[in-house]
Amino acid sequence: MRRVLPDLSDLQTPCYIVDEQALADNVQCLAGVASDTGCKILLAQKAFSMFAVYPLLRQYLHGTTASGLYEARLGHEYFGGETHVFSPAYQDREFDEILAVSDHLVFNSFAQWRHFKDRAMEAGRSCGMRVNPQRPTQKSSLYDPCTQNSRLGVPRSAFEPDACEGLSGLHFHCLCEQNTDALAIALAAFEEQFGSFLDQMSWVNFGGGHHVTRSDYDIDHLKQMIEDFSHRHSVTVYLEPGEAVALDAGYLISTVIDIVGVGTDLPIAILDTSATCHMPDVLEVPYQPRLTGAGVAGEKKITVRLGGPTCLAGDIIGDYSFNVMPKIGDRMVFHDMAIYTMVKNNTFNGMRLPDIVLWKADNTMQIVKQFGYEDFKNRLS
Ligand SMILES: *Cc1c(COP(=O)(O)O)cnc(C)c1O
């Protein structure tokens, strides 16, 4: 159960509010999995990189994982613990810097491994190979790395057992917002194809996409799979969830600035927050975020479309229904807005980026960062 937001009328909108208590609940849940099984759990910064809360998260997690140099550097500088990196392709010009800030490096091909092996081994880094069991478990191919012709991970047919010397781990990442039934399928496929190489390895990374902190997640089943696997193969298991760390731990608060189409079949409220700029996954996935006090279209008395202030015709957050017609100045509170929001937002149309506010465990609101014209301008020339 999440606590109830206090009065927000003092806050400028748009702003993201991140709930420190919810984050603590999530990482405590993850820490329980780690301590009961001996696995190690890393924050996938790709989903959530609010480094202001890294001092809290690092009390419970073993480190971070990064998709490349800048995330690795952020994890190294602000989180500490272990810094893992996986990149679909490392670049020569970045590699020394990556070595300087990381402990574990995961490669995406044997060509890359051969190219960088000497430098990585000389620096004493623990190196692994991402493999691809090619057993899809998802409906949408946008988030399923296990589809045919995926560029992510080495399939068994391209795996080079003779080139494994120096590798100490294998990595697979197959899931997105999934439960243990999908992990069981991916893990069985991984083990069937790559299990015979594990006696040379000291760790196996099960990737992310484990929705561990969702209320219906089967934590006991996860624990059992990790324990059985790590005993069977004498390896340390890593999980690197992003979503699960900050799941349902944040809000995006917005204000109604105008209402158009009054008297038509579909009135439209224009908000000061944009789908395409501030919650791009709403359009990319796509999905419709939960909104406090509102139902889906047609459920309550009045159905209203909520749109953003950009000139993109499709900048629509969704159609929602209300018992009372929203009016100018009303606050709109969108849920589950900590993950894949701040890390993906942009200033298209010169939109202001939402403030970042931390709702502390003591119920006070701390404005962590505010953005302005300079943030828009500094990415252009
Ligand atoms: C995206 C990703 C993660 C995190 O995924 P979540 O769905 O946010 O848990 C972890 N590892 C890799 C390699 C990823 O690409």
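1. A look at the domain arrangement of the protein
Right, on to step 1. Assigned domains within the protein: domain 1 (38-246) and domain 2 (250-337 + 345-377).
Right, on to step 2. Just the C-alpha atoms count here: the centres of domain 1 and domain 2 sit 34 Å apart.
Right, on to step 3. Buried area between domain 1 and domain 2, summed over both chains or domains, comes out near 460 Å², and the portion from carbon and sulfur atoms is 64%.
Right, on to step 4. Along the contact surface separating domain 1 from domain 2 lie zero salt bridges.
Right, on to step 5. Where domain 1 touches domain 2, the interface holds zero residue pairs in polar contact (both at pLDDT 80 or more).
Right, on to step 6. For the side of domain 1 that touches domain 2, the per-class residue count stands at seven nonpolar, no polar and no charged.

2. What to know about helix H3 (residues 69-78)
Right, on to step 1. Considered for burial, the residues of H3 that qualify are Leu69, Glu71, Ala72, Leu74 and Gly75.
Right, on to step 2. Positive backbone phi, approximately 80°, marks Gly80, located one or two places after H3.

3. Section: the layout of surface pockets
Right, on to step 1. Estimated volume of the second largest pocket: approximately 710 Å³.
Right, on to step 2. Every residue lining the second largest pocket is counted, 21 residues in all, and those nearest its centre are Phe51, Met342, Ile356, Lys369 and Phe371.
Right, on to step 3. Going through the elements one at a time, H3 and strand E18 (365-369) are the ones with two or more residues in the lining of the second largest pocket.
Right, on to step 4. Here the element with the most residues in the lining of the second largest pocket is H3; it accounts for three residues.
Right, on to step 5. Taken together, domain 1 (38-246) and domain 2 (250-337 + 345-377) each give at least three residues to the lining of the second largest pocket, which thus spans both.

4. Comments concerning the site of the ligand
Right, on to step 1. Surrounding the ligand, one finds 13 residues, the nearest of these being Lys46, Gly209, Glu240, Gly242 and Tyr340.
Right, on to step 2. Lys46 has a polar side-chain atom sitting 2.8 Å from an oxygen atom of the ligand.
Right, on to step 3. Contact between the ligand and Glu240: a nitrogen atom at 2.8 Å from a side-chain N or O atom of the residue.
Right, on to step 4. When the ligand sits alone it has 390 Å² of accessible area, and the protein chains cover 88% of it.
Right, on to step 5. Here the residues of the shell around the ligand are counted per class, giving four nonpolar, five polar and four charged.

5. Regarding the pattern of salt bridges
Close approach of charged atoms lets side chains of opposite charge pair.
Right, on to step 1. Within this structure, the stated rule accounts for 18 salt bridges.
Right, on to step 2. Among the salt bridges present, the one from Lys344 reaches Asp281, with a minimum N-O distance of 2.6 Å. Taken as a pair, Lys344 in the loop between strand E16 (331-335) and strand E17 (355-359) and Asp281 in helix H10 (residues 281-284) lie far apart in primary sequence, 63 residues in all.
Right, on to step 3. You can call Lys344 partly exposed: its relative accessible area is 27%.
Right, on to step 4. For Asp281, a relative accessible area of 11% corresponds to the buried category.
Right, on to step 5. Put simply, Lys344 and Glu284 hold a salt bridge, and the shortest N to O gap is 3.0 Å. Remark: Glu284 occurs in helix H10 and Lys344 occurs in the loop between E16 and E17; sequence separation between them is 60 residues.
Right, on to step 6. Glu284 sits in the partly exposed class, given a relative accessible area of 42%.

Cut-off values and rules
Residues numbered from 1 in each chain as written. Predicted model: local features only at pLDDT ≥ 70, side-chain atom pairs only at ≥ 80, totals over all residues. Heavy atoms only, no water. Domains from an automatic or database assignment. Buried area = accessible area lost by both parts, 1.4 Å probe. Salt bridge = Lys/Arg side-chain N within 4 Å of Asp/Glu carboxyl O. Polar contact = N/O pair within 3.5 Å; in protein donor to acceptor, adjacent residues only side chain to side chain. Nonpolar A, V, L, I, M, F, W, Y, C, P; charged D, E, K, R; others polar. Buried < 20%, exposed > 50% of the residue type's maximum accessible area, 1.4 Å probe, protein only. Helix = DSSP H or I, 4+ residues; strand = E, 2+ residues; numbered from the N terminus. 1 Å grid on protein atoms, 1.4 Å probe; cavity = no way out; pocket = protein on both sides within 12 Å on 5 of 7 lines; lining within 4 Å. Points joined across faces, edges and corners; volume = space filled by probe spheres on them. Near = heavy atom within 4 Å. Areas by Shrake-Rupley, 256 points an atom, 1.4 Å probe, with all protein chains shown as cover.

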